[in-house]
Amino acid sequence: MPNLIDMRDIIKVYPNGVAANRDVNFSVEKGEIHALVGENGAGKSTLMKILYGLEQPTGGQIFLNGRAVTISTPHQAIALGIGMVHQNFMLIPSFTIAENVVLGQEPIKGQLIDAEAAINITRQLAQEYGLEVDPTAKVEATPVGMRQRVEILKTLYRGADLLILDEPTAVLTPQETDDLFDAVRRLVSQGKTVIFITHKLIEVKEISDRVTVMRHGEVTGRVQTAEVSEEDIARMMVGRDVLFRVEKPPQQRGEAAVRVSGLSYVSVTGRPLLRDVSFNVYRGEILGIAGVEGNGQTQLAELLSGLAAPTTGAATINGQSILGRGPRYVREAGVAHIPEDRLTNGVALEASIADNLVVDRYYRPPFTRRGAMSLRQIRQHAENLMQKFDIRAAGAGAAIGSLSGGNMQKVIIAREFSADPALLIAAQPTRGVDIGASEFVRRQLVEARNAGKAVLLISADLAEVFSLADRIAVMYKGEIVAIFQNSPDLTEEALGLYMLGLKRQTPAEIESQL
Amino acid sequence: MKTTRRQITLEIVRIVLVVLLALLLGFFITTLVSDDPVGAYTEFLTGPLPKISINDDGGWQLRGVNRFGNWIEDSITLILLGLSVAIVFSARQFSLGAEGQLFLGALAAGAVSLYFHAPAVIHISLALIAAGAAGFVWGLIPGALKAYLNADEIVSTLMLNIIAIQFYQFILTRYMRDFTAGYIGTEYFPETAVLPVVIPGTRVTVALFITIAAVVAVWFLMSRMPLGYEIRMLGANRKFAEYGGIKVKRVITLSMAISGILAGLAGTHLSMGLLKQLTLSLSPNIGFEGIVVALLARNDPKWVPVAGLFYGYLRTGAQIMERSSDVTREMVLVIQAIIILFITAERVLPLIQQWWQRRRSPEAILDSVEGVGDVA
């Protein structure tokens with residue numbers, strides 16, 4: 001029997017001369033869960049975009065059940081039974097779940113949309129595949145896990161037999177991830193086929209039957225998942241052995257470097273995004289902030305880095321008040337910030353590496369003396385940092401936009417670490433960064449801690465928080481609902497209960513851990 | 001983007017190809033509308049250049065110096081305005097205010113020229129400073145409105161243009177005009193306030209050197225001064241600039257104000273160099289031509305003179321063709337616009353490249369690629 005999907009000798013060269021796929025062969029059998037893994041820039045997204053009709057291959061052929069097909073639009077892909085759930089959901093927040101599911105192919109009664117039929121269709125689909133949703137709820141009022149189920153229902157409603165899930169667990173809590181895995185298994189038992197894109201190897205082991213590994217636009221491994229270890233897969237991805245554990249010497253905790261008290265923030269639309277947040281960060285400590293994204297972490301980082309002013313509350317660094325005075329003041333007071341959204345805040349894509357590396361210090365000697373900037377100093381500074389932080393690029397004059405995600409993050413890290421801060425705010429520092437670079441970033445964070453800096457680590461990746469943080473604070477709906485000393489007894493599941501708002505510590509318990 | 005030598009070569013090849021293509025198309029249009037297309041087009045292409053004519057007695061003479069002068073005179077205005085716009089564009093703002101700044105610059109220079117008396121060097125310097133200051137203020141206003149009140153700068157600069165031009169005409173007609181003259185205009189400026197000519201037989205004055213100095217100054221500002229760095233980072237990514245601690249509002253305001261200085265100086269070239277007086281209309285709509293120059297130069301100060309000379313050549317050639325052939329002014333403008341359109345259209349050559357690539361096999365393309373990566 002032919003494979004469900006056979007992509008043969010796929011070549012993709014983008015107009016800018018970058019080869020994303022070079023002679024890639026990729027096949028999926030009917031009824032399997034096939035993991036597609038690789039570092040950022042390995043070409044897996046491109047390959048899937050070709051399969052879903054979002055990109056056209058430069059060369060190669062696609063076979064569906066042994067028959068050659070051309071897929072030039074997502075429309076055609078859907079008609080062929082191929083559906084894709086993107087990492088960023090494409091739902092209309094103000095519509096109900098049922099309306100979103102049937103959007104574009106609404107059941108019609110007379111001249112009108114048959115709302116009742118839409119709800120029934122959604123309910124039936126949800127039952128059939130065990131994807132529990134409330135069809136009448138507005139999408140904006142539902143948690144992320146449910147939104148994802150809506151996306152999956154959408155593709156099922158359109159008749160997808162093959163589902164491509166693009167890093168589906170990136171935004172989920174541990175519990176939600178378990179639910180998703182159950183749903184995926186049920187889909188397969190009902191005869192569907194799933195391609196699961198991820199870079200979390202633990203998930204590959206847990207969910208997939210087979211795995212295809214890509215590196216530098218080529219396939220470097222195609223194996224039965226049961227026959228290999230996580231380390232084997234990592235080696236295929238990175239091309240060398242990878243250390244999963246970060247060596248962390250015992251903590252040398254010092255004075256409180258940062259004191260945050262009673263911080264509240266109300267958005268312009270009147271929504272309270274932070275409520276009475278208080279905590280300290282000590283020298284030589286990594287304080288991890290865990291929580292499902294969108295529970296106030298972004299606002300916390302923005303306030304502490306000077307990008308926004310709080311509604312009420314105070315924050316001091318070494319006794320100096322820093323709130324509401326703008327980023328320049330905060331930076332000079334000793335705060336460095338690895339921003340959550342690096343493409344928006346962290347870099348100027350069209351500017352050179354050298355220019356990106358001095359944005360917080362260009363006006364000071366040695367970069368500017370008597371009103372004139374020294375290009376030589378700026379270039380030398382960049383070359384030093386590129387060497388020290390292992391930034392791979394054509395040169396200090398290369399535009400940031402030409403770098404890979406990992407190298408881009410290294411540029412930001414190089415800048416923020418070399419500012420020699422008292423407090424380092426690291427928001428999602430390894431998001432979208434490949435394994436090799438993640439390892440590097442994590443080691444740097446631990447080194448900063450060892451050097452006596454206060455580190456505030458905000459991460460949606462629980463495993464990362466567990467492996468790095470000395471203490472862990474959990475945020476839920478803009479509040480800190482629990483603070484723990486990190487210890488082997490603390491489990492992801494236990495923390496998950498706090499992240500979902502099902503449990504919270506008493507004010508006294510929190511107080512004792514400040 | 002990364003500027004390797006190969007990319008620079010490619011870019012130059014691209015521009016030359018596109019210019020040739022555009023000129024060819026221009027010629028094609030000329031053949032449709034002219035009885036003597038070759039003659040007309042030759043005027044267009046070679047008109048602005050001086051010609052050497054050999055006399056019967058073996059001596060030689062340079063002819064058409066005034067046409068050459070026209071080219072340089074026009075280019076001076078274009079380069080100053082191009083610099084003005086390039087600064088604003090680098091900050092990714094969109095000022096259309098050069099016209100108004102130019103009029104006020106001319107007015108300020110005119111007032112100093114007519115009502116002050118001083119030795120030439122001081123008199124001219126004072127007039128230049130007055131013009132620059134007028135332009136600065138007229139750029140500061142929309143800049144501050146944009147930065148602090150988020151007023152759209154396209155609207156505000158256009159409105160301020162109207163105010164500036166009306167104010168200029170009001171002051172001129174009401175107070176400054178020479179009532180003995182048969183038209184609305186001031187007296188001629190005193191000798192000490194007229195820019196000295198540097199190329200005999202033309203009206204090319206020391207404004208040429210002022211322009212060269214302005215190019216160097218703007219280049220220095222943009223690539224060697226902290227403010228230039230701030231402008232570039234603001235233009236590249238405003239949120240990044242804010243995050244890095246740059247005071248973005250101040251930079252927006254200053255970028256537009258400084259750009260006004262250059263437009264104000266262009267006003268002195270017109271009033272103190274070319275006209276030697278103030279007249280009701282200075283040079284209609286030239287304020288917007290700076291945008292073309294800045295676009296051609298990709299906002300890079302060092303390329304602005306090249307772009308300004310090129311565009312000035314086109315404009316002068318077109319005028320000469322209009323005067324000395326049967327091609328109408330409208331058609332001349334069409335040809336001129338097509339050439340500009342071709343050069344600024346970034347997509348033209350990539351399209352040709354794509355077409356070329358499609359004819360090659362995928363393997364051949366793969367062999368020729370430089371990098372590996374995923375654009376996603």
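In this text, all values refer to a predicted model and were calculated from it rather than measured experimentally.

Chemist: So what's going on with helix H9 (residues 297-304) of chain A? Residues and values would help.
Modeler: Residue and element names in this part refer to chain A. In terms of burial, H9 is a largely internal element, seven of the eight residues being buried. All buried positions along H9 are accounted for by Gln 297, Gln 299, Leu 300, Ala 301, Glu 302, Leu 303 and Leu 304. Where H9 ends, the next residue or the one after it, Gly 306, has phi of about 90 degrees, a positive value.

Chemist: Let's hear about the nonpolar core: which residues, and what values?
Modeler: Core analysis: the largest hydrophobic core is formed by 190 residues, its most contacted members being Leu457(A), Val474(A) and Val293(B). A per-element tally of this core places helix H10 (residues 248-275) of chain B first, with 15 residues. Aside from chain neighbours lying at most four places away, what touches Val474(A) is Ala290(A), Gly291(A), Ile480(A), Val481(A), Ala482(A), Leu495(A), Tyr498(A) and Met499(A). Leu4(A), Val85(A), Ile119(A) and Val133(A) belong to the second-largest nonpolar core, a separate cluster that totals 70 residues.

Chemist: Provide a residue-level description of the sheet that holds strand E6 (residues 82-85) of chain A, including the pertinent values.
Modeler: In a beta sheet, neighbouring strands pair by backbone hydrogen bonds and run either parallel or antiparallel. Residues and elements named next belong to chain A. Taken in spatial order, the six strands of this open sheet run E6-E9-E10-E3-E11-E12, and their pairing is mixed. A single partner strand is all that each edge strand has here, and the edge strands are E6 and strand E12 (218-224). When the angles between neighbouring strand axes are averaged without regard to direction, this sheet yields 20 degrees. Pairing of strand E3 (residues 33-38) with strand E11 (residues 210-215), which is carried by five bridges, proceeds in the parallel orientation. From the neighbouring strand, Gly 38 faces E11, where its bridge partner is Met 214. Of the strands in this sheet, E3, E11 and E12 are in contact with helix H8 (residues 230-238), which crosses E11 at around 30 degrees.

Chemist: Describe the confidence of the model for chain B, listing the residues and the values that go with them.
Modeler: All names here are of chain B. Within chain B, residue pLDDT values average 86, and 90% of them lie at 70 or more. Per-residue pLDDT, averaged within each element of chain B, yields its smallest value for strand E3 (residues 371-372) (50) and its largest for helix H7 (residues 207-224) (96). Interface confidence for the predicted complex, given as ipTM, is 0.80, next to a pTM of 0.77.

Chemist: How would you summarise the packing of helix H3 (residues 65-90) of chain B against helix H11 (residues 289-296) of chain B if you had to cite specific residues and measurements?
Modeler: Residues and elements named next belong to chain B. Where H3 contacts H11, the two axes come as close as 7 Å, and the packing angle between them is 70 degrees. Regarding the angle of H3 to H11, the classification is roughly perpendicular. The handedness of the crossing between H3 and H11 is right-handed. Facing H3, whose interface residues are Leu 78, Ile 79, Leu 81, Gly 82, Ser 84, Val 85, Ala 86 and Phe 89, H11 presents Glu 289, Gly 290, Ile 291, Val 293 and Ala 294. Its residues placed into classes, the contact of H3 with H11 shows nine nonpolar, three polar and one charged.

Chemist: I'd like a rundown of H8(A), residues and numbers included.
Modeler: All names here are of chain A. For H8, the set of buried residues is Ile 233, Ala 234, Met 236 and Met 237. The buried residues of H8 occupy one face: seen down the axis, they fall within an arc of 160 degrees. Lining the buried residues of H8 we find E3, helix H7 (201-207), E11, E12 and helix H15 (435-450). Following H8 by one or two positions, Gly 239 adopts a phi angle in the positive range, close to 90 degrees.

Chemist: Let's hear about the domain arrangement of chain A: which residues, and what values?
Modeler: Residue and element names in this part refer to chain A. Here chain A is partitioned into domain 1 (5-238) and domain 2 (256-513). Computed from C-alpha atoms alone, the centre-to-centre distance between domain 1 and domain 2 is 32 Å. Listed per partner, the contact involves 12 residues of domain 1 and 16 residues of domain 2. Looking at which element gives the most residues to the side of domain 1 that touches domain 2, the answer is H8, with three residues. Of the residues contributing to the side of domain 1 that touches domain 2, the split by class is six nonpolar, five polar and one charged.

The rules behind each value
Residues numbered from 1 in each chain as written. Chains lettered and ligands numbered in written order. Predicted model: local features only at pLDDT ≥ 70, side-chain atom pairs only at ≥ 80, totals over all residues. Buried ≥ 20, exposed ≤ 12 C-beta atoms within 10 Å, placed from the backbone. Helix = DSSP H or I, 4+ residues; strand = E, 2+ residues; numbered from the N terminus. Core = buried A, V, L, I, M, F, W, Y, C linked by C-beta atoms within 7 Å. Contact = placed C-beta atoms within 7 Å. Pairing = 2+ DSSP bridges. Axes fitted to C-alpha atoms, helices over the stretch in contact; angles between N-to-C directions. pLDDT = per-residue confidence, 0-100. Parallel < 35°, antiparallel > 145°, perpendicular 65-115°, else oblique. Left-handed = near helix turned anticlockwise from the far one by under 90°. Nonpolar A, V, L, I, M, F, W, Y, C, P; charged D, E, K, R; others polar. Arc of directions from axis to C-beta. Domains from an automatic or database assignment.

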